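Fold and contact review
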2 protein chains.
Amino acid sequence: MLQFTKRTEYALIALVHLVDRRGEFVSARELADRYPVPPRLVAEVLKELQREGLVDSQRGAAGGYALARPAADITLAEIVTVLEGAPLLTSCDTGFAGTAGSCEVEPTCPIRSPIHRVRDRIRDVLSHVTLESLAHPNALPMVTPTENR
Amino acid sequence: MLQFTKRTEYALIALVHLVDRRGEFVSARELADRYPVPPRLVAEVLKELQREGLVDSQRGAAGGYALARPAADITLAEIVTVLEGAPLLTSCDTGFAGTAGSCEVEPTCPIRSPIHRVRDRIRDVLSHVTLESLAHPNALPMVTPTENR
DNA sequence: CCAAAGGGCACCGATTTGGTGCTATTTGGG
DNA sequence: CCCAAATAGCACCAAATCGGTGCCCTTTGG
Ligand code: SF4
Ligand code: SF4
């Protein structure tokens, strides 16, 4: 459906919030208090981000989550890949590795190659959006590669 | 899930095939014979494309479908919009019209604006891929606006 | 007049998505 | 020393979406 899942959006909200608390450990509860999001779901998403190494976690009373790396080094492409999996646009050939194409059309598919080119372009867009640029949109000019119209 | 639906893929396969038959009316059956796709589904998709004015249809014995406009004037963005709806990336503010944001977070959402910028970039990518460029990938250099890496 | 084709629309099973329940473990502070 | 707060893990469910069919009607060329 060419749309982010709510999980991804919640992750982005949480991660952007973490950018402001550089280094500090922020609890899932604090996030749920600040934004009208389902507390448990945000917690679940943060756990997943921890498992994948995007954030560090500290347990116990004063625990919480913090970015595992500088905000400028974490890309939107990476976040999406962690939460929704790599395959973009088509179900064949994820482009990264594994999950061999289970599509019946693949051998004679006339759009596979061109669509994959489009997919790569979209991945490029997502790869050039960093957490830093999401948190402070006005800071960087966002590279502005497309010069259309 | 940031992935096209099968309906969209079948539409693209069909439309690309229509490009080669410039002007001729091609039946859904012919398409299903040529590619291993569910005949009925392809037919259903073509009907939808007809309703939205992307293809012309002719009924009766020698009937079928043909492109309603030059292949160079039909963009991937348009096709996707017809089959999957306009909203891209987020569920708030489709960016085109209507469907007022039903998201609870919207008033205080910190990622809405930046994400919409990304969404617009992706729409740009899809808007610059024409049916012509999908059918004959080597003909045009595909504009190549992004000059990364 | 009939077979081949499209038009309309409802419907179903499988998958995905959004969200919750429950329990265990860690840990700082009173 | 113990409890409240917090993460870790994992199962589970309801709703939405998606892939695909069934059924019947209308058009039209041979
Ligand atoms: S092979 Fe063609 S139809 Fe099958 S998933 Fe890839 S692009 Fe889509
Ligand atoms: S308001 Fe924020 S959370 Fe809600 S849909 Fe838009 S971007 Fe996503």
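Up top is the structure.
Everything quoted here is computed from the prediction, not taken from an experiment.

What follows is about the interface of chain B and chain A. Each side of the interface is counted separately: chain B has 45 residues, and chain A has 45 residues. Carbon and sulfur atoms make up 67% of the area that chain B and chain A hide from each other, which totals about 4,800 Å². Of all residues in chain B, B:Leu2, B:Gln3 and B:Arg121 bury the most surface against chain A, accounting for 16% of the area lost on that side. In this assembly, chain B and chain A are joined by 12 residue pairs in polar contact (both at pLDDT 80 or more). Tallying contributions element by element places helix 5 (residues 112-127) of chain B first for the side of chain B that touches chain A, with nine residues. Among the residues forming the side of chain B that touches chain A, the class breakdown is 30 nonpolar, eight polar and seven charged.

To continue, consider the protein's contact with DNA strand D. Taken together, the neighbourhood of DNA strand D is formed by 27 residues, with A:Glu44, A:Ser57, A:Tyr65, B:Lys6 and B:Arg40 sitting nearest. Considering the 4 Å shell around the protein, atoms of DNA strand D inside it are sugar or phosphate in 60% of instances. At 2.9 Å from a phosphate oxygen of DNA strand D is found a main-chain nitrogen or oxygen belonging to A:Ala28. Between DNA strand D and the protein, one listed contact pairs a base nitrogen with a side-chain N or O atom of A:Lys47 at 2.9 Å. At the level of secondary structure, the elements contributing two or more residues to the surface near DNA strand D comprise helix 2 (28-34), helix 3 (39-51), strand 1 (55-58) and strand 2 (64-67) of chain A together with helix 1 (6-20) and helix 3 (39-51) of chain B. At four residues, helix 3 of chain A tops the list of elements feeding residues into the surface near DNA strand D. Split by residue class, the surface near DNA strand D holds eight nonpolar, 10 polar and nine charged.

Residues and elements named next belong to chain A. Taken N-terminus to C-terminus, the directions of helix 1 (residues 6-20) and helix 4 (residues 76-84) make an angle of 135°; their axes are 10 Å apart at the nearest point. Our classification of the angle between helix 1 and helix 4 gives oblique. Pair helix 1 / helix 4 crosses with right-handed handedness. Along the contact surface, helix 1 presents Arg7, Thr8, Ala11, Leu12 and Leu15, while helix 4 presents Leu76, Ile79, Val80, Leu83 and Glu84. Grouping the constituent residues of the contact of helix 1 with helix 4 by class yields seven nonpolar, one polar and two charged.

With that out of the way, let us pick up the relation of the copies chain B and chain A. By a simple turn and slide, chain B fits onto chain A: the slide is 0.0 Å along the axis, the RMSD is 0.0 Å, and the turn is 180°. Overall, the copies show the geometry of a two-fold rotation axis. Relative to the rotation axis, the C-alpha of B:Leu2 is the closest in chain B, positioned 1.9 Å from it. Of all interface residues in chain B, 100% are interface residues in chain A too; the two copies therefore contact each other through one and the same surface.

Parameters at a glance
Residues numbered from 1 in each chain as written. Chains lettered and ligands numbered in written order. Predicted model: local features only at pLDDT ≥ 70, side-chain atom pairs only at ≥ 80, totals over all residues. Heavy atoms only, no water. Contact = heavy atoms within 4.5 Å. Buried area = accessible area lost by both parts, 1.4 Å probe. Polar contact = N/O pair within 3.5 Å; in protein donor to acceptor, adjacent residues only side chain to side chain. Helix = DSSP H or I, 4+ residues; strand = E, 2+ residues; numbered from the N terminus. Nonpolar A, V, L, I, M, F, W, Y, C, P; charged D, E, K, R; others polar. Near = heavy atom within 4 Å. Axes fitted to C-alpha atoms, helices over the stretch in contact; angles between N-to-C directions. Parallel < 35°, antiparallel > 145°, perpendicular 65-115°, else oblique. Left-handed = near helix turned anticlockwise from the far one by under 90°. Least-squares fit on C-alpha atoms with pLDDT ≥ 70 in both.

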